[in-house]
Amino acid sequence: MANFQRAWFYPLFFLILASGVLFFFWELTKPPYLTFSDSAKFADVGRQIVSGEGFSTNFTFFSPKDFFEENGKLPFTTAWFPLFPVILALIFFIFGIGDNVVIFTSAFFFSLSSILVFLIAKKFFGKIVGVFSAAAFIFTQPMLEYASIGASESLFIPEILLAVYLLLFPQRWTWALAGLAAGLMFLTRPQALIYLGGLIILIFLYRRKRLAINFFAGLILLLGPLFVFGKIAGLNFFGQQPVSLLFEHSSLSPQNITLRGGFFQFGIGDIFTNFKPLLVKLFYHLYNFYKTLPTFISPYL
């Protein structure tokens, strides 16, 4: 019993701390409605689902090429991702529809993230580092802002952390679950491809090839059927192509297009044509990052 209490003390502590800190941050900054456009869009889709209107939206400023008008409704554009609005629809069904419900949902994922940060840091470096890491996460302003405005990043962050945490165990089933968590990222945010690359690097660092099969099996088990069904039904469960979003605001994209809110369409040939300047800028920024790394770290030492 004592071991059980010790095991759950810190997760419960950070759950309460994260909720309390976020509540005071929200009280200081809260607007009378959802001010972040993405939050309002996802919440509107969740409301449409729970109201029996299907996977649609009332917003009219999506890209016109991604939807068509039908009976006064706008089908939810494939430029966005389905998991967060589906979760919001479930929460709306239980607690009712409201802006505060969206924020409380994000607050739950924020609190969950703080617990996962503690568990990961504890696994790598011990309990003390875990405590300080979770506290640093909880008091980080961007994290508080994501949670207080109902952003989908608040769901995306614990998906990444959960995948990392599950990879820290040597069991096959945990690696399969890590693959499922990584698959959920592709249904949440367009940056999933970037973080999948980080997870693959972590797998190679562990040098556990046999367990890696379980990770990719879990990933394919979730995304494979959705991809096949989407092709058959003409649906897109994965939003905009992640690769195009990676380059949309990069050095390969004409700034006069992206600054006006447009999309830069490119092909594989454009990548090879601009490969040299891309590498030059990449290594230049990496050099500056590692050069200034002691400046970032020193306040915490």
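Residues numbered from 1 in each chain as written. Predicted model: local features only at pLDDT ≥ 70, side-chain atom pairs only at ≥ 80, totals over all residues. Heavy atoms only, no water.

Peer 1: Even after reading the chapter, I still don't get the overall build of the protein, so can you show me in this structure?
Peer 2: Looking only at helices and strands, one finds 15 helices and two strands in the protein. The 301 residues of the protein split such that 40% are buried. Contacts in the protein between residues at least 24 apart in sequence constitute 63% of all its contacts with a sequence separation of at least 6. Summed over its atoms, the accessible surface of the protein is roughly 17,800 Å², and 70% of this surface lies on carbon and sulfur atoms. (Helix = DSSP H or I, 4+ residues; strand = E, 2+ residues; numbered from the N terminus. Buried < 20%, exposed > 50% of the residue type's maximum accessible area, 1.4 Å probe, protein only. Contact = heavy atoms within 4.5 Å. Areas by Shrake-Rupley, 256 points an atom, 1.4 Å probe, with all protein chains shown as cover.)

Peer 1: I'm lost on the side chain of Ser152 in this one. Help?
Peer 2: Along the polypeptide, Ser152 turns up in the loop between helix 6 (141–148) and helix 7 (153–167). Taking the relative accessible area as the measure of exposure, Ser152 reaches 1% and is therefore buried. Ser152 has contacts with Phe42, Phe84, Thr188 and Arg189, leaving out every residue within four places of it along the chain.

Peer 1: Help me understand a nonpolar patch on the surface in this model?
Peer 2: A surface patch of nonpolar side chains, amounting to about 410 Å² of accessible area, comprises Trp8, Leu12, Leu15 and Ile16. Relative to the assigned elements, Ile16 resides in helix 1 (residues 2–29). (Patch = residues over 30% accessible without salt bridge, like charges linked within 9 Å, V, L, I, M, F, W, Y side chains within 5 Å. Salt bridge = Lys/Arg side-chain N within 4 Å of Asp/Glu carboxyl O.)

Peer 1: For this particular structure, what's the right way to read the packing of aromatic side chains?
Peer 2: How two aromatic rings sit relative to each other is set out by the distance from centre to centre and by the angle between their planes. Evaluation of the coordinates by the stated rule reveals 15 aromatic pairs. Between Phe9 and Tyr10, the ring centres sit 5.1 Å apart and the planes meet at 80°, which makes this aromatic pair edge-to-face. Among the residues examined, Tyr10 registers a relative accessible area of 23% and is labelled partly exposed. On the basis of an interplanar angle of 70° and a centroid distance of 5.8 Å, the ring pair of Phe23 and Phe24 is categorised as edge-to-face. The class of Phe23 is partly exposed, set by a relative accessible area of 42%. (Phe/Tyr/Trp six-rings, centres within 6.5 Å; stacked < 30°, edge-to-face > 60°.)

Peer 1: Would you mind showing me how to read the confidence of the model for the protein here?
Peer 2: As a note on interpretation, predicted positions should not be read in detail where pLDDT is low. Across the protein, pLDDT averages 76, with 69% of residues at or above 70. Averaged pLDDT values for the elements of the protein fall to 42 in helix 12 (residues 255–258) and rise to 94 in helix 7. Considering only residues more than four positions removed or in separate chains, one finds that residues 62–72, a stretch of pLDDT under 50, has 18 contacts. (pLDDT = per-residue confidence, 0-100.)

Peer 1: What is the right way to read the side chain of Asn214 from this model?
Peer 2: On the secondary structure map, Asn214 appears in helix 10 (residues 209–233). Filtering out sequence-adjacent residues up to four positions away, Asn214 remains in contact with Arg172, Trp175 and Ala176.

Peer 1: Please explain helix 5 (residues 127–138) as it appears in this structure.
Peer 2: Helical geometry note: an α-helix holds 3.6 residues per turn, so side chains three or four residues apart project in the same direction. Taking 1.5 Å of rise per residue, 12 residues should cover 16 Å, and helix 5 covers 16 Å from first to last C-alpha, within 8% of that figure. What helix 5 keeps buried is the set Gly130, Ala134, Phe137 and Ile138. Take helix 5 and look down its axis: the buried residues cluster within an arc of 95°, on one side only. Residues of helix 5 that are exposed and angled more than 90 degrees away from the buried face: Ile128 and Phe132. (Expected span 1.5 Å × (residues − 1). Arc of directions from axis to C-beta.)

Peer 1: Can you help me understand helix 3 (residues 83–95) in this one?
Peer 2: The first and last C-alpha atoms of helix 3 sit 18 Å apart over 13 residues, in line with the 18 Å expected at 1.5 Å per residue. At the exit of helix 3 stands Gly96, carrying a positive phi of roughly 95°.

Peer 1: What is the right way to look at the pattern of salt bridges in this model?
Peer 2: Tallied over the full model, the rule gives two salt bridges. Between Arg47 and Asp44 there is a salt bridge, with its nearest N and O atoms 2.5 Å apart. Of this pair, Arg47 and Asp44 are both found in helix 2 (residues 37–50), three residues apart, which corresponds to roughly one turn of the helix. Judged by relative accessible area, Asp44 falls into the buried class, the value being 4%.

Peer 1: Would you mind showing me how to read the nonpolar core here?
Peer 2: For soluble globular proteins, nonpolar side chains are generally found buried alongside one another. Ranked by internal contacts, the top residues of the largest apolar core, which has 44 residues, are Phe110, Leu167, Leu199 and Phe215. Every element with two or more residues in this core is listed here: helix 1, helix 4 (99–125), helix 5, helix 6, helix 7, helix 8 (172–185), helix 9 (192–206) and helix 10. Setting aside residues no more than four positions away along its own chain, Phe215 makes contact with Leu167, Trp175, Ala176, Ala178, Gly179, Ala182, Leu196, Leu199 and Ile203. The next biggest cluster of nonpolar side chains, apart from the first, holds 15 residues, and it includes Ala43, Leu83, Ile87 and Ile103. (Core = buried A, V, L, I, M, F, W, Y, C linked by side-chain atoms within 4.5 Å.)

Peer 1: Is there a simple way to think about the packing of helix 4 against helix 7 in this case?
Peer 2: For any two helices packed against each other, the geometry is given by the interaxial angle and the distance between the axes. Across the interface, helix 4 lies against helix 7 with an axial gap of 8 Å and an inter-helix angle of 25°. Here helix 4 is positioned roughly parallel relative to helix 7, judged by the angle of their axes. Here helix 4 and helix 7 pass one another in a crossing that is left-handed. Residues Ser106, Phe109, Phe110, Leu112, Ser113, Leu116, Val117, Leu119 and Ile120 of helix 4 lie in contact with helix 7, whose contacting residues are Ser154, Leu155, Ile157, Pro158, Leu161, Leu162, Val164 and Tyr165. Here the contact of helix 4 with helix 7 is built from residues that sort into 14 nonpolar, three polar and no charged. (Axes fitted to C-alpha atoms, helices over the stretch in contact; angles between N-to-C directions. Parallel < 35°, antiparallel > 145°, perpendicular 65-115°, else oblique. Left-handed = near helix turned anticlockwise from the far one by under 90°. Nonpolar A, V, L, I, M, F, W, Y, C, P; charged D, E, K, R; others polar.)

Peer 1: Explain the environment of Ile87 to me, please; I cannot follow it from the model alone.
Peer 2: Its location among the elements puts Ile87 in helix 3. Along the backbone, Ile87 and Phe42 are 45 residues apart, and their C-alpha atoms lie at a distance of 9.9 Å. Once you skip the residues sitting within four places of it in the chain, Ile87 turns out to touch Thr105, Phe109 and Leu155.

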